[in-house]
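# Overview (structure and organization)
Here is what each chain is made of, one letter per residue.
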Amino acid sequence: MAAENRDNNDVTATYLDSTGAAAGSGLTVDAGTVTVSGITANDNAGGGASLSAGTAISVSDSVFSDNGWYGSGSEIYFDNEGDEGMAANYFHDAGLSAYSGSIALLNVIATGNGGAGFYGELAPASQGLLSVTGGEFSGNGFGGYGMMFDSTTDGSQSETIAGAGIELSGPQDVTLLDVIANNNAGAGALISIEGSATITGGIFSGNGSLLNERTDDGDTYQFYAGGLMVDADTGVVVEEVTASNNGGDGALLDSWGGSVMVVCSTTNDNGGYGLFSEHGPVTLDGLATTGNTLGTYSVFGG
């Protein structure tokens, strides 16, 4: 089902069943603002729902599960010096993907999708917030790797990255409240933003079961994703969170221009460190972390 609004007016979709599409997403919307509530979009060959809005997207009380087991694409581009290169992406679609100036999810379930459970991206000039409250994003990313290949005349890089429960990016702030993201092939939550990240409550355990690989000009690095992986330019706050039994680190938290604070949280029995942080002054207050393969925590700060 597709809804395209070229006049940038509002689109509201409530209590729809958009299930079993043999090709493409169950629901595709492009509008000024998008409001989705009470939607079921399961078992689609592409993503469960692909939403794009100029201003804002709101999704509540909806289910996007068992989607995204097919999909691929490629493109040719030119860099700033005019050198031609190739970027080829072989991917499995997310249960829910959203692109807008402001994105808010409330009580959304996105489980068992071939790609990520939820992929959210704030537009480059956005002044809005990306928030996820409640909901579950578990068991995603097992359709296969989201493969990204990028080469130019100056060299080549490639990545094979398993899908996460939640993947978020953009220029502003991110908040997660009482989110569950367990047993995903990739990270429980993978966040890369220019603003701050605040994660309160929630469980990010049992993730990172598929081995990822990154190659840069012939040098290869293999790794397992962690439970909570956050890179936020202006600060990270994690409070009352559990990130245990992950293939990689329980929590990998970095802030290039702010600080990292972890309060009353648990990171036990992970394949890497309980907590790993390379950038940003780090404050630990009530961190319980035992039984991790590489140690309790590795904090460089600065």
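What this report covers is the structure whose coordinates are included nearby. (Residues numbered from 1 in each chain as written. Predicted model: local features only at pLDDT ≥ 70, side-chain atom pairs only at ≥ 80, totals over all residues. Heavy atoms only, no water.)

### A short note on the packing of aromatic side chains
Overall, the coordinates contain two aromatic pairs when judged by the stated rule. When the centroid spacing of 5.8 Å and the interplanar angle of 35 degrees are considered together, the rings of Tyr273 and Phe276 count as tilted. Overall, the relative accessible area of 15% leaves Phe276 in the buried class. (Phe/Tyr/Trp six-rings, centres within 6.5 Å; stacked < 30°, edge-to-face > 60°. Buried < 20%, exposed > 50% of the residue type's maximum accessible area, 1.4 Å probe, protein only.)

### Here's the deal with the nonpolar core
Buried together is how nonpolar side chains tend to be arranged in soluble globular proteins. In this structure, Leu51, Phe118, Phe137, Leu176, Phe204, Leu228 and Leu253 are the most contacted members of the largest nonpolar core, which totals 50 residues. In this structure Leu51 touches Leu27, Val29, Val34, Val36, Ile57, Val59, Leu96, Ser97, Ala98 and Tyr99, once residues within four positions along its chain are discounted. (Core = buried A, V, L, I, M, F, W, Y, C linked by side-chain atoms within 4.5 Å. Contact = heavy atoms within 4.5 Å.)

### Remarks on unusual backbone geometry
If you check the backbone angles, Asp43 has positive phi at about 60 degrees while not being a glycine. Note that Asp43 resides in the loop between strand S3 (27–37) and strand S4 (49–60). By relative accessible area, Asp43 is classed as partly exposed at 46%. The phi torsion at Asn183 lies on the positive side, around 55 degrees, for a residue other than glycine. Looking at the secondary structure, you find Asn183 in the loop between strand S14 (174–177) and strand S15 (189–193). You can call Asn183 partly exposed: its relative accessible area is 47%. (Helix = DSSP H or I, 4+ residues; strand = E, 2+ residues; numbered from the N terminus.)

### Describing the environment of Leu284
Within the element layout of this structure, Leu284 appears in strand S24 (residues 282–288). Counting along the chain gives 21 residues from Leu284 to Val263, while the straight-line C-alpha distance between them is 6.2 Å. Other than its neighbours up to four places away in sequence, Leu284 contacts Val262, Leu275 and Tyr297.

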